[in-house]
Amino acid sequence: MTREDIFDGVQDIFRDIFDDVDLIIHDSTNSDEIEDWDSLNHINLVSAIEKEFNIRFTLAELSELKDVGEMIDLIFAKIS
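### Quick word on the pattern of salt bridges
- For the structure on display, the rule yields four salt bridges.
- Note that Glu50 and Arg56 form a salt bridge whose closest N and O atoms lie 3.0 Å from each other.
- Using a relative accessible area of 11% as the deciding quantity, one classes Glu50 as buried.
- Close ionic contact of Lys78 with Glu61 constitutes a salt bridge, the shortest N to O distance being 3.2 Å. Taken together, the residues span a long stretch of sequence, with Lys78 in helix H4 (residues 68–79) and Glu61 in helix H3 (residues 59–64) at a distance of 17 residues.
- Overall, Lys78 belongs to the partly exposed group, its relative accessible area being 31%.
- One connected set of salt bridges, linked through shared partners, spans Arg3, Asp27 and Asp73.

### Some points on the layout of surface pockets
- Taken as a whole, the largest pocket spans an internal volume of roughly 170 Å³.
- Considering the residues around the largest pocket, the lining is formed by Thr29, Asn30, Ser31, Asp32, Trp37, His42, Leu62, Leu65, Lys66, Asp67, Val68 and Met71.
- Considering only residue class, the lining of the largest pocket consists of five nonpolar, four polar and three charged.

### Here we look at the nonpolar core
- Counting 23 residues, the largest nonpolar core has Val10, Phe14, Ile25, Ile49, Phe53, Phe57 and Ile75 as its most contacted members.
- Mapped by element, the contributors of at least two residues to this core are helix H1 (3–17), helix H2 (39–53) and H4.
- Here this core gets six residues from one element, more than from any other, and that element is H1.
- Those residues in contact with Phe57 that sit more than four places away from it in its chain are Val46, Ile49, Glu50, Leu62, Leu74, Ile75 and Lys78.

Definitions and limits used
- Residues numbered from 1 in each chain as written.
- Predicted model: local features only at pLDDT ≥ 70, side-chain atom pairs only at ≥ 80, totals over all residues.
- Heavy atoms only, no water.
- Salt bridge = Lys/Arg side-chain N within 4 Å of Asp/Glu carboxyl O.
- Buried < 20%, exposed > 50% of the residue type's maximum accessible area, 1.4 Å probe, protein only.
- Helix = DSSP H or I, 4+ residues; strand = E, 2+ residues; numbered from the N terminus.
- 1 Å grid on protein atoms, 1.4 Å probe; cavity = no way out; pocket = protein on both sides within 12 Å on 5 of 7 lines; lining within 4 Å.
- Points joined across faces, edges and corners; volume = space filled by probe spheres on them.
- Nonpolar A, V, L, I, M, F, W, Y, C, P; charged D, E, K, R; others polar.
- Core = buried A, V, L, I, M, F, W, Y, C linked by side-chain atoms within 4.5 Å.
- Contact = heavy atoms within 4.5 Å.

Quick look at the structure:
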């Protein structure tokens, strides 16, 4: 699976979690840029990503993430 494949999958998850089919994320996207990205939606987002890619994040890994790009890189590293 390529990084682009992962990004496309994460894009779909974001659209589902935030109920916005037109939502476009970028590597630099973070929680400050999406109005509904609160703590509950963050948990839903992480859970959906873990399920989709059959991975688990540690709390330490999640606390270090600054934006979507870092999350994509972490997913890529975990499935490679």
